[in-house]
Each structure stands twice: as C-alpha cells, then as structure tokens.
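Coordinate analysis (summary)
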Amino acid sequence: MDSLITAGARRLAAGDPLGALKLVALRNDAAGLALRGIAMAQLGEYGRARELLRSATRAFSPREAVPRARCIVAEAEIALVSRDLSWTAKALGAACKTLEAHGDHANAAHARYLEARRLLLVGKLDDAERALTKVSTSVPLALRIAHEII
C-alpha cells in the first residue's frame, strides 16, 4: 500500500472523507477506487459509492482476495443503509469466509453483523439470532456494541 492510500485510509478512519478524497481524487487504481467509494459512502453519496466499490472489486486482481472481499462487505453495508435488500447474501458469505481465512477477523465479524441486520429487516429473527452466534466475541469494542444492539 502506498503512502497516499495509507494517509487516505487514516483520514477515513478519523471521519474526514473530504480529506481522504483530496488525496486520491484522481486515482483510478483499485485501492484508490475503493478508498473513494468508502469516502463517498461516508458523505452519503451511496449510488456513486457503490459504483466505485464495484469498479474497485473488478480492478483488484484475483490474488488480492482480501481487498476484494472488503469491497464486497462495504458494498453490502451501503446496500443495507440504502434499504436495498436485493443484494445477495451469498457474495457476503463468501467474502466473510475469505476474510476469516486470511485472518481479518474484524471485517469478517462486520460482514456477519451486516447479514444479521439484513435478516432482521426481512423479519427472519431466528436466522438473525443464529447468524449472531457465529460472531467471535474477541472483536473490537465498536463491533461488540453492534452485537448487543442487534
């Protein structure tokens, strides 16, 4: 990862999507597209964010399974926030397995929470409860809080 992407990711984590966009606005590589997509989502531009994340997913090579999976999780979160429940849980499940296999347990847990939230929205309470039992308890505080809320 280059320094601009790293700096942009830090700005996104700090809640500064405009600062992140200033760093990668003209980049069209996979990492730049993904970062721009997440920044646009933070700004509430969900349609453009989904387009950018889909482009990023296609731009990452098959050897870059973790970044591709992270893009799928981000796109699923945008769909959920937009109340677009037509997105496929199958892709999210595959992304979750990829993240777990590569040791990215925090993002895998986030993917499971997204699936549980989707199940709640469609009224499948028992399935949502089962999905939550698959989430590790050794996740960051923010995800533990989300677990309790769900």
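Residues numbered from 1 in each chain as written. Predicted model: local features only at pLDDT ≥ 70, side-chain atom pairs only at ≥ 80, totals over all residues. Heavy atoms only, no water.

**Let's talk about the overall build of the protein**
Helix and strand counts for the protein stand at nine helices and zero strands. For the protein, the succession of helices and strands along the chain, N to C, is α-α-α-α-α-α-α-α-α. Here the C-alpha radius of gyration of the protein, 15 Å, is about what a compact globule of 150 residues would show, namely 15 Å. Principal axes of the C-alpha set define a box for the protein whose edges measure 45 × 30 × 30 Å. When each of the 150 residues of the protein is scored for burial, the buried share is 40%. A total of about 8400 Å² of accessible surface is found on the protein, and carbon and sulfur atoms cover 55% of it. Computed over 22 positive and 16 negative side-chain charges, the inter-centroid distance for the protein is 3 Å. (Helix = DSSP H or I, 4+ residues; strand = E, 2+ residues; numbered from the N terminus. Rg over C-alpha atoms; globule rule 2.2 N^0.38 Å. Buried < 20%, exposed > 50% of the residue type's maximum accessible area, 1.4 Å probe, protein only. Areas by Shrake-Rupley, 256 points an atom, 1.4 Å probe, with all protein chains shown as cover. Lys, Arg positive; Asp, Glu negative; His and termini not counted. Charge placed at Lys NZ, Arg CZ, Asp CG, Glu CD.)

**Quick look at the side chain of Glu 115**
Along the polypeptide, Glu 115 turns up in helix α7 (residues 105-121). Those residues in contact with Glu 115 that sit more than four places away from it in its chain are Trp 87, Ala 89 and Leu 92. (Contact = heavy atoms within 4.5 Å.)

**Here we look at the nonpolar core**
One finds Ala 56, Phe 60 and Cys 71 to be the most contacted residues of the largest nonpolar core, which totals 20 residues. Counting residues per element, the ones that place at least two in this core are α1 (3-13), α2 (17-24), α3 (30-42), α4 (46-59) and α5 (65-81). Ranked by residues supplied to this core, first place goes to α3 with seven residues. Those residues within four positions of Cys 71 in sequence are excluded, and the remaining contacts are Ala 34, Leu 53, Ala 56, Thr 57 and Phe 60. Counting residues in each nonpolar core, the second largest holds 14 residues, with Ala 69, Ala 95, Cys 96 and Ala 111 among its members. (Core = buried A, V, L, I, M, F, W, Y, C linked by side-chain atoms within 4.5 Å.)

**A look at the packing of α7 against helix α8 (residues 125-133)**
For the pair α7 and α8, the least separation of the axes is 8 Å and the interaxial angle reads 170°. Judged on the interaxial angle alone, α8 and α7 are roughly antiparallel. Only Leu 125, Asp 127, Ala 128, Ala 131 and Leu 132 of α8 make contact with α7, whose side of the interface consists of Tyr 113, Ala 116, Leu 119 and Leu 120. (Axes fitted to C-alpha atoms, helices over the stretch in contact; angles between N-to-C directions. Parallel < 35°, antiparallel > 145°, perpendicular 65-115°, else oblique.)

**A look at α3**
The end-to-end C-alpha separation of α3 is 19 Å, in line with the 18 Å expected for 13 residues at 1.5 Å each. Those residues of α3 that are buried lie in contact with α1, α2, α4 and α5. Following α3 by one or two positions, Gly 44 has its phi on the positive side, about 90°. (Expected span 1.5 Å × (residues − 1).)

**Considerations on the environment of Ala 95**
One can find Ala 95 in helix α6 (residues 89-101). In this structure, the C-alpha to C-alpha distance between Ala 95 and Ala 69, residues 26 residues apart in sequence, is 4.5 Å.

**Side note on the pattern of salt bridges**
Applying the stated criterion across every chain, the model contains nine salt bridges. A salt bridge links Arg 54 to Glu 75; its shortest N-O distance comes to 2.6 Å. Residue Arg 54 is located in helix α4, and its partner Glu 75 is located in helix α5; the two are separated by 21 residues in the primary sequence. Note that Glu 115 and Arg 118 form a salt bridge whose closest N and O atoms lie 2.9 Å from each other. Taken as a pair, Glu 115 and Arg 118 lie in helix α7 at a separation of three residues, close to a single helical turn. A relative accessible area of 14% places Arg 118 in the buried class. Residues joined by salt bridges that share partners form a network here, namely Asp 2, Arg 27 and Asp 29. (Salt bridge = Lys/Arg side-chain N within 4 Å of Asp/Glu carboxyl O.)

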